Amino acid sequence: MAGAAVVASPLNTFSATNSEIIGEVEEGILDVTKNIKTKGYAATDESGELSPWEFERRPVGDDDILIDINFASICHSDIHQEKGHWGEQEYPQVPGHEIVGVVAAVGKNVTKFKVGDRVGVGCMVDSCMECSTCKAGEEQFCERGQTKFTYGAPSKAEPTGITQGGYSDKLVVRDHFAVHIPDNISFEEAAPLLCAGITTYSPLMRAQFKVGDKVGVAGIGGLGHLAVRIAVSKGAKVYAFTTSEDKVEDIKSWGVEEVIVVDDEFKNMQAYNKTLDYMISTIPYQFNVAAYVMCLKPGGTFTFVGMPEKSEITLNNLMLAFACVNFNSSLIGGIPETQEVVNYCADNGIKPSIEIINAEEINEAWDKVVNKKARYRYVIDAATF
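A brief structural summary. Treat the numbers as computed from the prediction; the structure is a model and nothing was measured. (Residues numbered from 1 in each chain as written. Predicted model: local features only at pLDDT ≥ 70, side-chain atom pairs only at ≥ 80, totals over all residues. Heavy atoms only, no water.)

It is worth spelling out the overall build of the protein chain at this point. The number of helices and strands found in the protein chain is 11 helices and 19 strands. For a compact globule of 385 residues, the expected C-alpha radius of gyration is about 21 Å, and the protein chain comes in at 21 Å, within 12% of that figure. With respect to the principal axes defined by its C-alpha atoms, the protein chain has extents near 75 × 40 × 40 Å. Residue burial in the protein chain is summarised as follows: out of 385 residues, 55% are buried. Residue pairs in contact within the protein chain that sit at least 24 positions apart in sequence constitute 67% of those at least 6 positions apart. Charged side chains of the protein chain number 34 positive and 53 negative; the gap between the two group centres comes to 6 Å. (Helix = DSSP H or I, 4+ residues; strand = E, 2+ residues; numbered from the N terminus. Rg over C-alpha atoms; globule rule 2.2 N^0.38 Å. Buried < 20%, exposed > 50% of the residue type's maximum accessible area, 1.4 Å probe, protein only. Contact = heavy atoms within 4.5 Å. Lys, Arg positive; Asp, Glu negative; His and termini not counted. Charge placed at Lys NZ, Arg CZ, Asp CG, Glu CD.)

In C-alpha coordinates:
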(Lines give C-alpha, C1' and ligand atoms only; values in the text may rest on other atoms or scores of the structure.)
Protein backbone atom coordinates (compact mmCIF):
# COMPACT_ATOMS: atom_id res chain seq x y z
CA MET A 1 0.00 0.00 0.00
CA ALA A 2 2.82 2.38 0.86
CA GLY A 3 5.41 3.68 -1.54
CA ALA A 4 8.45 5.65 -0.51
CA ALA A 5 7.95 7.34 2.84
CA VAL A 6 9.64 9.93 4.97
CA VAL A 7 9.65 8.93 8.63
CA ALA A 8 10.35 10.87 11.81
CA SER A 9 12.79 9.29 14.21
CA PRO A 10 14.54 10.25 17.42
CA LEU A 11 17.73 9.38 15.55
CA ASN A 12 17.25 10.85 12.10
CA THR A 13 14.86 11.58 9.25
CA PHE A 14 15.22 9.50 6.12
CA SER A 15 13.57 8.39 2.90
CA ALA A 16 13.35 4.73 1.96
CA THR A 17 11.60 2.28 -0.30
CA ASN A 18 9.16 -0.33 0.99
CA SER A 19 11.73 -3.12 1.05
CA GLU A 20 14.31 -0.95 2.77
CA ILE A 21 11.88 0.04 5.52
CA ILE A 22 10.67 -3.51 6.03
CA GLY A 23 14.11 -5.10 5.91
CA GLU A 24 16.21 -2.48 7.68
CA VAL A 25 14.05 -0.91 10.38
CA GLU A 26 16.33 0.91 12.81
CA GLU A 27 15.70 0.63 16.52
CA GLY A 28 13.20 3.29 17.60
CA ILE A 29 11.87 3.86 14.07
CA LEU A 30 8.26 2.97 13.29
CA ASP A 31 7.71 0.76 10.25
CA VAL A 32 4.99 2.71 8.43
CA THR A 33 4.53 0.06 5.73
CA LYS A 34 2.80 -2.19 8.26
CA ASN A 35 -0.30 -1.61 10.37
CA ILE A 36 0.36 1.12 12.93
CA LYS A 37 -0.08 0.03 16.54
CA THR A 38 -2.20 2.63 18.32
CA LYS A 39 -3.47 3.29 21.84
CA GLY A 40 -6.71 5.06 22.56
CA TYR A 41 -10.03 5.11 24.40
CA ALA A 42 -13.05 3.42 22.82
CA ALA A 43 -16.73 2.92 23.41
CA THR A 44 -17.75 -0.73 23.32
CA ASP A 45 -21.52 -0.34 23.48
CA GLU A 46 -24.31 2.24 23.69
CA SER A 47 -23.62 2.94 27.36
CA GLY A 48 -21.08 5.43 26.09
CA GLU A 49 -18.57 4.31 28.71
CA LEU A 50 -15.05 4.61 27.27
CA SER A 51 -12.11 2.43 28.23
CA PRO A 52 -8.49 1.94 27.08
CA TRP A 53 -8.14 0.03 23.82
CA GLU A 54 -5.12 -0.95 21.74
CA PHE A 55 -5.78 -1.33 18.01
CA GLU A 56 -4.12 -0.97 14.61
CA ARG A 57 -4.40 1.67 11.93
CA ARG A 58 -3.63 1.11 8.27
CA PRO A 59 -0.10 1.57 6.91
CA VAL A 60 0.91 4.97 5.54
CA GLY A 61 -0.13 5.03 1.87
CA ASP A 62 1.28 7.14 -0.93
CA ASP A 63 -1.16 9.99 -0.23
CA ASP A 64 -1.24 9.64 3.56
CA ILE A 65 0.43 11.23 6.53
CA LEU A 66 1.01 9.72 9.96
CA ILE A 67 0.27 12.08 12.84
CA ASP A 68 1.58 11.78 16.36
CA ILE A 69 -1.42 13.22 18.18
CA ASN A 70 -0.76 15.81 20.89
CA PHE A 71 -4.33 16.75 21.85
CA ALA A 72 -7.90 15.84 20.98
CA SER A 73 -10.90 17.76 22.29
CA ILE A 74 -14.35 16.56 23.26
CA CYS A 75 -17.40 17.44 21.15
CA HIS A 76 -21.00 16.72 22.18
CA SER A 77 -21.25 14.86 18.84
CA ASP A 78 -18.85 12.26 20.23
CA ILE A 79 -21.33 11.50 23.00
CA HIS A 80 -24.39 11.40 20.73
CA GLN A 81 -22.73 9.02 18.28
CA GLU A 82 -21.18 6.62 20.76
CA LYS A 83 -24.47 6.33 22.65
CA GLY A 84 -26.26 5.46 19.42
CA HIS A 85 -28.44 8.57 19.46
CA TRP A 86 -28.04 8.98 15.71
CA GLY A 87 -28.30 5.34 14.77
CA GLU A 88 -26.80 1.96 15.45
CA GLN A 89 -23.02 1.93 15.76
CA GLU A 90 -20.24 -0.58 15.27
CA TYR A 91 -17.99 -1.11 18.28
CA PRO A 92 -15.31 -0.83 19.56
CA GLN A 93 -15.24 2.75 18.29
CA VAL A 94 -12.78 5.52 19.12
CA PRO A 95 -14.43 8.96 18.96
CA GLY A 96 -12.78 12.34 18.44
CA HIS A 97 -12.72 14.76 15.51
CA GLU A 98 -10.86 17.74 16.91
CA ILE A 99 -7.30 16.48 16.53
CA VAL A 100 -3.91 18.21 16.54
CA GLY A 101 -0.38 16.89 16.41
CA VAL A 102 2.86 16.59 14.49
CA VAL A 103 3.52 14.85 11.18
CA ALA A 104 5.62 11.76 11.84
CA ALA A 105 5.68 10.28 8.31
CA VAL A 106 4.49 11.15 4.81
CA GLY A 107 3.69 9.05 1.72
CA LYS A 108 5.65 9.49 -1.49
CA ASN A 109 2.99 11.65 -3.20
CA VAL A 110 2.59 14.08 -0.31
CA THR A 111 3.72 17.65 -0.97
CA LYS A 112 1.35 19.54 1.33
CA PHE A 113 3.20 18.47 4.50
CA LYS A 114 6.62 17.42 5.67
CA VAL A 115 7.79 15.56 8.75
CA GLY A 116 7.63 17.84 11.78
CA ASP A 117 4.76 20.04 10.55
CA ARG A 118 2.03 21.06 12.98
CA VAL A 119 -1.29 19.73 11.69
CA GLY A 120 -4.94 19.29 12.57
CA VAL A 121 -7.73 16.96 11.45
CA GLY A 122 -11.44 17.62 11.85
CA CYS A 123 -14.62 15.75 10.98
CA MET A 124 -13.59 14.17 7.65
CA VAL A 125 -10.77 11.91 6.54
CA ASP A 126 -11.66 11.14 2.91
CA SER A 127 -14.06 11.67 -0.01
CA CYS A 128 -14.15 10.86 -3.73
CA MET A 129 -12.04 13.97 -4.48
CA GLU A 130 -13.35 13.93 -8.06
CA CYS A 131 -16.92 15.28 -8.10
CA SER A 132 -17.59 18.98 -8.61
CA THR A 133 -18.50 19.49 -4.95
CA CYS A 134 -15.29 17.91 -3.68
CA LYS A 135 -13.25 19.90 -6.18
CA ALA A 136 -14.99 23.06 -4.95
CA GLY A 137 -13.75 22.39 -1.43
CA GLU A 138 -17.07 21.18 -0.01
CA GLU A 139 -15.99 17.61 0.63
CA GLN A 140 -18.65 17.12 3.30
CA PHE A 141 -21.25 17.17 0.51
CA CYS A 142 -19.53 14.69 -1.82
CA GLU A 143 -21.97 14.05 -4.68
CA ARG A 144 -21.03 10.38 -4.76
CA GLY A 145 -21.78 9.95 -1.10
CA GLN A 146 -18.17 9.04 -0.35
CA THR A 147 -17.54 11.52 2.45
CA LYS A 148 -15.77 9.48 5.11
CA PHE A 149 -16.12 10.88 8.58
CA THR A 150 -13.35 10.62 11.14
CA TYR A 151 -14.84 7.85 13.26
CA GLY A 152 -17.44 5.15 12.78
CA ALA A 153 -17.42 5.26 8.96
CA PRO A 154 -17.10 1.93 7.11
CA SER A 155 -13.58 1.59 5.76
CA LYS A 156 -12.09 -1.48 4.10
CA ALA A 157 -8.64 0.07 4.44
CA GLU A 158 -8.77 0.09 8.23
CA PRO A 159 -7.94 -3.14 10.11
CA THR A 160 -10.94 -2.53 12.40
CA GLY A 161 -13.33 -2.11 9.45
CA ILE A 162 -14.32 1.44 10.46
CA THR A 163 -12.54 4.74 10.84
CA GLN A 164 -11.27 5.39 14.36
CA GLY A 165 -11.05 8.88 15.79
CA GLY A 166 -8.71 11.11 17.69
CA TYR A 167 -8.99 9.89 21.28
CA SER A 168 -5.74 8.09 20.51
CA ASP A 169 -2.01 8.62 20.14
CA LYS A 170 -1.66 8.21 16.36
CA LEU A 171 -3.67 8.84 13.19
CA VAL A 172 -3.15 7.89 9.55
CA VAL A 173 -5.08 10.21 7.23
CA ARG A 174 -5.17 11.26 3.58
CA ASP A 175 -3.06 14.41 3.39
CA HIS A 176 -5.81 16.52 1.80
CA PHE A 177 -7.93 16.21 4.94
CA ALA A 178 -5.37 17.70 7.29
CA VAL A 179 -4.78 21.43 7.78
CA HIS A 180 -1.76 23.40 8.91
CA ILE A 181 -1.76 24.68 12.49
CA PRO A 182 -0.04 28.11 12.57
CA ASP A 183 2.72 28.79 15.07
CA ASN A 184 0.75 31.67 16.63
CA ILE A 185 -1.78 29.41 18.35
CA SER A 186 -1.13 26.57 20.76
CA PHE A 187 -2.05 23.00 19.88
CA GLU A 188 -4.54 22.73 22.72
CA GLU A 189 -6.31 25.97 21.73
CA ALA A 190 -6.36 25.01 18.06
CA ALA A 191 -8.00 21.62 18.60
CA PRO A 192 -11.60 22.85 19.13
CA LEU A 193 -11.40 24.91 15.94
CA LEU A 194 -11.39 21.69 13.88
CA CYS A 195 -15.10 21.10 14.60
CA ALA A 196 -16.60 23.73 16.91
CA GLY A 197 -14.75 26.48 15.07
CA ILE A 198 -15.61 25.50 11.50
CA THR A 199 -19.17 24.42 12.37
CA THR A 200 -19.98 27.94 13.58
CA TYR A 201 -17.67 29.95 11.32
CA SER A 202 -19.04 28.53 8.07
CA PRO A 203 -22.72 29.53 8.53
CA LEU A 204 -21.74 32.84 10.13
CA MET A 205 -19.75 33.71 7.01
CA ARG A 206 -22.56 32.60 4.70
CA ALA A 207 -24.97 34.83 6.61
CA GLN A 208 -23.00 37.85 5.39
CA PHE A 209 -24.21 39.99 8.25
CA LYS A 210 -23.00 43.58 8.33
CA VAL A 211 -21.11 45.40 11.05
CA GLY A 212 -23.71 46.44 13.61
CA ASP A 213 -26.23 43.74 12.69
CA LYS A 214 -27.88 41.98 15.60
CA VAL A 215 -26.80 38.34 15.75
CA GLY A 216 -28.24 35.85 18.23
CA VAL A 217 -26.34 32.82 19.50
CA ALA A 218 -28.51 30.18 21.19
CA GLY A 219 -26.70 27.75 23.46
CA ILE A 220 -23.37 28.85 24.92
CA GLY A 221 -21.33 25.68 25.19
CA GLY A 222 -18.40 24.38 23.17
CA LEU A 223 -19.80 25.60 19.84
CA GLY A 224 -21.74 28.57 21.12
CA HIS A 225 -18.88 30.27 22.93
CA LEU A 226 -16.83 30.21 19.72
CA ALA A 227 -19.80 31.47 17.69
CA VAL A 228 -20.05 34.44 20.06
CA ARG A 229 -16.37 35.27 19.78
CA ILE A 230 -16.29 34.94 15.99
CA ALA A 231 -19.43 37.06 15.49
CA VAL A 232 -18.15 39.76 17.87
CA SER A 233 -14.83 39.84 16.01
CA LYS A 234 -16.72 40.43 12.75
CA GLY A 235 -18.49 43.48 14.20
CA ALA A 236 -21.89 42.01 15.08
CA LYS A 237 -23.93 43.09 18.08
CA VAL A 238 -24.27 39.70 19.70
CA TYR A 239 -27.19 38.56 21.84
CA ALA A 240 -26.34 35.39 23.72
CA PHE A 241 -29.13 33.06 24.87
CA THR A 242 -28.30 30.57 27.61
CA THR A 243 -30.13 28.49 30.20
CA SER A 244 -27.08 28.58 32.51
CA GLU A 245 -27.13 31.63 34.75
CA ASP A 246 -23.65 30.86 36.03
CA LYS A 247 -22.23 31.53 32.55
CA VAL A 248 -23.42 35.14 32.39
CA GLU A 249 -20.21 36.84 33.57
CA ASP A 250 -18.09 34.71 31.22
CA ILE A 251 -20.28 35.63 28.27
CA LYS A 252 -20.26 39.34 29.08
CA SER A 253 -16.45 39.29 29.05
CA TRP A 254 -16.53 38.23 25.38
CA GLY A 255 -18.00 41.53 24.20
CA VAL A 256 -21.66 40.68 23.72
CA GLU A 257 -24.45 43.26 23.58
CA GLU A 258 -26.69 41.33 25.97
CA VAL A 259 -26.97 37.97 27.73
CA ILE A 260 -30.46 36.51 27.99
CA VAL A 261 -30.92 33.77 30.59
CA VAL A 262 -33.80 31.77 29.12
CA ASP A 263 -36.45 30.79 31.66
CA ASP A 264 -38.59 27.66 31.58
CA GLU A 265 -41.57 29.55 30.19
CA PHE A 266 -39.54 31.57 27.64
CA LYS A 267 -41.30 34.70 28.91
CA ASN A 268 -38.18 36.84 29.04
CA MET A 269 -37.58 36.18 25.33
CA GLN A 270 -40.73 38.02 24.33
CA ALA A 271 -38.94 41.35 24.81
CA TYR A 272 -36.72 40.40 21.84
CA ASN A 273 -39.56 39.64 19.44
CA LYS A 274 -38.57 40.65 15.87
CA THR A 275 -35.23 42.08 17.06
CA LEU A 276 -32.47 40.04 15.45
CA ASP A 277 -31.13 39.93 11.91
CA TYR A 278 -29.67 36.45 12.26
CA MET A 279 -29.52 33.63 14.79
CA ILE A 280 -27.38 30.50 15.03
CA SER A 281 -28.47 27.71 17.35
CA THR A 282 -25.85 25.37 18.79
CA ILE A 283 -28.29 23.68 21.21
CA PRO A 284 -27.67 19.89 21.02
CA TYR A 285 -31.01 18.68 22.37
CA GLN A 286 -34.74 19.15 21.78
CA PHE A 287 -36.06 22.62 22.63
CA ASN A 288 -38.80 25.11 21.81
CA VAL A 289 -37.60 26.36 18.44
CA ALA A 290 -40.52 28.76 18.06
CA ALA A 291 -39.45 30.89 21.02
CA TYR A 292 -36.10 31.54 19.38
CA VAL A 293 -37.33 31.99 15.81
CA MET A 294 -39.77 34.68 16.96
CA CYS A 295 -36.77 36.80 18.03
CA LEU A 296 -35.88 37.31 14.38
CA LYS A 297 -37.04 40.12 12.16
CA PRO A 298 -39.21 39.12 9.17
CA GLY A 299 -36.79 38.00 6.48
CA GLY A 300 -34.16 37.09 9.07
CA THR A 301 -32.37 33.75 9.07
CA PHE A 302 -32.20 30.99 11.68
CA THR A 303 -29.41 28.42 11.28
CA PHE A 304 -29.37 25.13 13.16
CA VAL A 305 -25.93 23.61 13.85
CA GLY A 306 -26.68 21.79 17.11
CA MET A 307 -27.65 18.17 16.46
CA PRO A 308 -30.12 16.79 19.03
CA GLU A 309 -30.73 13.19 19.93
CA LYS A 310 -32.29 11.38 16.93
CA SER A 311 -31.52 14.57 14.92
CA GLU A 312 -35.20 15.44 14.80
CA ILE A 313 -36.86 18.79 15.42
CA THR A 314 -40.52 19.78 15.58
CA LEU A 315 -41.68 22.96 13.86
CA ASN A 316 -45.01 24.73 13.77
CA ASN A 317 -45.53 25.72 10.13
CA LEU A 318 -48.12 28.34 11.05
CA MET A 319 -45.59 29.93 13.38
CA LEU A 320 -42.98 29.96 10.62
CA ALA A 321 -45.45 31.57 8.23
CA PHE A 322 -46.21 34.38 10.68
CA ALA A 323 -42.52 34.84 11.50
CA CYS A 324 -41.52 34.91 7.81
CA VAL A 325 -38.08 33.64 8.73
CA ASN A 326 -35.60 31.73 6.60
CA PHE A 327 -34.81 28.46 8.37
CA ASN A 328 -31.82 26.27 7.53
CA SER A 329 -29.18 23.95 8.92
CA SER A 330 -25.45 23.69 8.36
CA LEU A 331 -22.92 20.84 8.40
CA ILE A 332 -19.31 21.68 9.33
CA GLY A 333 -17.35 23.13 6.37
CA GLY A 334 -14.94 22.02 3.69
CA ILE A 335 -11.19 21.67 4.07
CA PRO A 336 -10.26 25.07 2.56
CA GLU A 337 -12.69 26.84 4.89
CA THR A 338 -11.41 24.81 7.84
CA GLN A 339 -7.92 26.12 7.11
CA GLU A 340 -9.43 29.59 6.81
CA VAL A 341 -11.04 29.52 10.27
CA VAL A 342 -7.91 28.16 11.92
CA ASN A 343 -5.84 30.95 10.37
CA TYR A 344 -8.46 33.60 11.17
CA CYS A 345 -8.73 32.62 14.82
CA ALA A 346 -4.96 32.37 15.22
CA ASP A 347 -4.38 35.77 13.61
CA ASN A 348 -7.16 37.51 15.55
CA GLY A 349 -6.58 36.02 18.96
CA ILE A 350 -9.86 34.10 18.99
CA LYS A 351 -9.16 31.22 21.33
CA PRO A 352 -11.57 28.77 22.91
CA SER A 353 -11.89 28.47 26.67
CA ILE A 354 -10.45 25.06 27.46
CA GLU A 355 -9.67 22.67 30.27
CA ILE A 356 -6.95 20.09 29.67
CA ILE A 357 -7.69 16.63 31.04
CA ASN A 358 -6.03 13.22 31.15
CA ALA A 359 -7.49 10.23 29.31
CA GLU A 360 -8.73 8.65 32.52
CA GLU A 361 -10.97 11.72 33.05
CA ILE A 362 -12.85 11.36 29.75
CA ASN A 363 -15.95 9.66 31.14
CA GLU A 364 -16.30 12.26 33.88
CA ALA A 365 -15.86 15.02 31.31
CA TRP A 366 -18.59 13.51 29.12
CA ASP A 367 -20.98 13.61 32.07
CA LYS A 368 -20.13 17.26 32.64
CA VAL A 369 -20.75 18.09 28.97
CA VAL A 370 -24.18 16.46 29.11
CA ASN A 371 -24.99 18.31 32.33
CA LYS A 372 -23.82 21.68 30.95
CA LYS A 373 -20.85 21.90 33.33
CA ALA A 374 -18.09 22.20 30.70
CA ARG A 375 -16.31 25.56 30.55
CA TYR A 376 -16.18 25.32 27.56
CA ARG A 377 -14.16 22.65 25.79
CA TYR A 378 -12.37 19.70 27.35
CA VAL A 379 -9.07 18.93 25.62
CA ILE A 380 -7.47 15.53 26.15
CA ASP A 381 -3.69 15.27 26.52
CA ALA A 382 -2.85 12.42 24.12
CA ALA A 383 0.33 11.63 26.06
CA THR A 384 -1.94 10.05 28.70
CA PHE A 385 -3.45 7.38 26.41
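This part takes up the side chain of Asp-117. Tracing the sequence through the fold places Asp-117 in the loop between strand 6 (99-107) and strand 7 (118-121). At a separation of 2.9 Å, a polar atom in the side chain of Asp-117 contacts the side chain of Lys-114. The contacts of Asp-117, once residues within four sequence positions are left out, are Gly-101, Val-102, Val-103, Lys-112 and His-180. (Polar contact = N/O pair within 3.5 Å; in protein donor to acceptor, adjacent residues only side chain to side chain.)

Read from one edge of the open sheet, six strands run 14-13-12-15-16-17, paired in parallel fashion. The sheet is open, and its two borders are formed by strand 14 (258-261) and strand 17 (326-329), each paired with just one other strand. Pairs of neighbouring strands in the sheet enclose a mean axial angle of 20°, with direction left out of account. Taken together, the four bridges between strand 16 (residues 296-304) and strand 17 define a ladder with parallel strand orientation. Looking across to strand 17, one finds that Phe-304 is bridged to Ser-329. Along the sheet, helix 5 (residues 196-207) contacts strand 12 (214-218), strand 15 (276-281) and strand 16; its crossing angle with strand 15, the most-contacted strand, is approximately 160°. (Pairing = 2+ DSSP bridges. Axes fitted to C-alpha atoms, helices over the stretch in contact; angles between N-to-C directions.)

The next subject is the environment of Asp-117. By relative accessible area, which is 13% here, Asp-117 ends up buried. Measuring from C-alpha to C-alpha, the distance between Asp-117 and Val-102 comes to 5.6 Å, with 15 residues separating the pair along the chain.

Glancing now at the packing of helix 5 against helix 6 (residues 222-233). With their axes 9 Å apart at the nearest point, helix 5 and helix 6 run at an angle of 45° to one another. Taken together, the axes of helix 5 and helix 6 are oblique relative to one another. Here helix 5 runs over helix 6; the crossing is right-handed. Within the contact between the two elements, helix 5 uses Ala-196, Gly-197, Thr-199, Thr-200, Tyr-201, Leu-204 and Met-205 and helix 6 uses Gly-222, Leu-223, Leu-226, Ala-227, Ile-230 and Ala-231. Residue composition of the contact of helix 5 with helix 6, grouped by class: nine nonpolar, four polar and no charged. (Parallel < 35°, antiparallel > 145°, perpendicular 65-115°, else oblique. Left-handed = near helix turned anticlockwise from the far one by under 90°. Nonpolar A, V, L, I, M, F, W, Y, C, P; charged D, E, K, R; others polar.)

These figures capture arrangement, not role.
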